[in-house]
Amino acid sequence: MKIRTIIAANCAALAILMAGPMYVHDAEAQTVTKNFEAAIPNIPGKSLIALEVDYAPNAASAPHTHASSAFIYAYVVSGAIESKVNDGEMRIYRAGESWSEPPGVTHSISRNASTTEPAKLLAVFVLDTNDKALTTPVK
């Protein structure tokens with residue numbers, strides 16, 4: 001378990017150093033910037049994608065799922081993020097804290113915990129290379 005934490009932290013640090021194109025899901029809620037994307041050379045068929053999610057004050061993501069193969073490591077860069085996965089407990093993560101999400105979960109709550117300050121989250125995905133839709137809204 002400790003080696004996974006070290007690997008995830010190194011991947012997150014690498015992702016912060018890389019800059020890539022930006023795209024927006026919902027201009028009023030969040031801005032998502034792709035920081036890094038690469039095939040993992042020693043794990044055929046797997047890729048690593050790092051996204052930076054900027055939340056305006058009081059902004060939230062719609063309930064969603066992620067690619068079915070995606071293991072996700074999330075790190076709060078600044079501010080505070082409220083998060084709830086499946087039927088788990090809703091939790092507030094503050095700058096410097098992190099969590100992981102196993103494949104196949106529903107992310108029912110993901111939002112900025114503050115009504116006055118922005119928040120930033122780094123999400124690192126390890127997933128099947130052919131999975132293209134990283135996020136799918138829950139209907």
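Preceding this paragraph is the structure being described.
Along each chain, residues carry numbers from 1 onward, in the same order as the chain's sequence is written. Thresholds applied to this predicted model are a pLDDT of at least 70 for local features of residues and 80 or more for the giving and counting of side-chain atom pairs; totals over whole chains, interfaces and linings are not thresholded and use all residues. Remark: hydrogens and water are excluded; side-chain values derive from all non-hydrogen atoms of the structure.

Each reported salt bridge corresponds to a side-chain nitrogen of Lys or Arg within 4 Å of a carboxyl oxygen of Asp or Glu. This model, assessed by the stated rule, comprises 6 salt bridges. When the shortest N-O distance is used, the salt bridge between Glu 37 and Lys 34 registers 2.9 Å. Where Glu 82 meets Arg 111, a salt bridge forms, and the shortest distance between an N and an O atom there is 2.7 Å. Of the two residues, Glu 82 is situated in strand E6 (residues 80–85) and Arg 111 in strand E9 (residues 106–112); the sequence distance between them amounts to 29 residues. Only protein chains enter the accessibility calculation, which uses a 1.4 Å probe; a residue whose area is less than 20% of its type maximum is buried, one above 50% is exposed, and one in between is partly exposed. The buried category is assigned to Glu 82, whose relative accessible area is 13%. Put simply, Glu 52, Asp 54 and Lys 120 are held in one network by salt bridges that share partners. Under the scheme used here, helices are H or I runs from DSSP no shorter than 4 residues and strands are E runs no shorter than 2 residues, and both carry numbers assigned from the N terminus.

Turning to the pairing of E6, a few remarks are in order. Where E6 meets strand E7 (residues 91–94), 4 bridges bridge the pair, whose relative direction is antiparallel. Within E7, the residue paired with Ala 80 across the bridge is Arg 94. Two successive antiparallel strands, E6 and E7, enclose a turn made up of 5 residues, where Asn 86 displays a positive phi of approximately 50°. Pairing between two strands is assigned when DSSP locates at least 2 bridges connecting them. Of the pairings in the sheet, the one linking E6 to E9 comprises 5 bridges and is antiparallel in character. In the sheet register, Ile 81 faces E9, and the bridge partner there is Asn 112.

Let's shift gears to the nonpolar core. The criterion is simple. A nonpolar core is a set of buried Ala, Val, Leu, Ile, Met, Phe, Trp, Tyr and Cys residues joined through side-chain atoms within 4.5 Å. Counting 21 residues, the largest nonpolar core has Ile 81, Trp 99, Leu 121, Phe 125 and Leu 127 as the members making the most contacts within it. Mapped onto this core, the elements with two or more residues apiece are strand E3 (46–55), strand E5 (71–78) and strand E10 (119–128). Looking at which element gives the most residues to this core, the answer is E10, with 5 residues. In contact with Phe 125, not counting residues within four places along its chain, are Ser 47, Leu 48, Ile 49, Leu 51, His 66, Ala 70, Phe 71, Ile 72 and Leu 134. The contact definition used throughout considers only heavy atoms, calling two residues in contact when any of these lie within 4.5 Å.

Take the sheet that holds E7 next. With antiparallel pairing, the 5 strands of this open sheet are ordered in space as E7-E6-E9-E4-E11. Both outer strands of the open sheet, E7 and strand E11 (135–137), are each paired with one neighbouring strand and no more. For this sheet, the mean inter-axis angle between neighbouring strands, taken without regard to orientation, is 35°. As a rule, the C-alpha atoms of each element are fitted with a line to give its axis, helices using only the stretch in contact, and angles between N-to-C directions run from 0 to 180 degrees.

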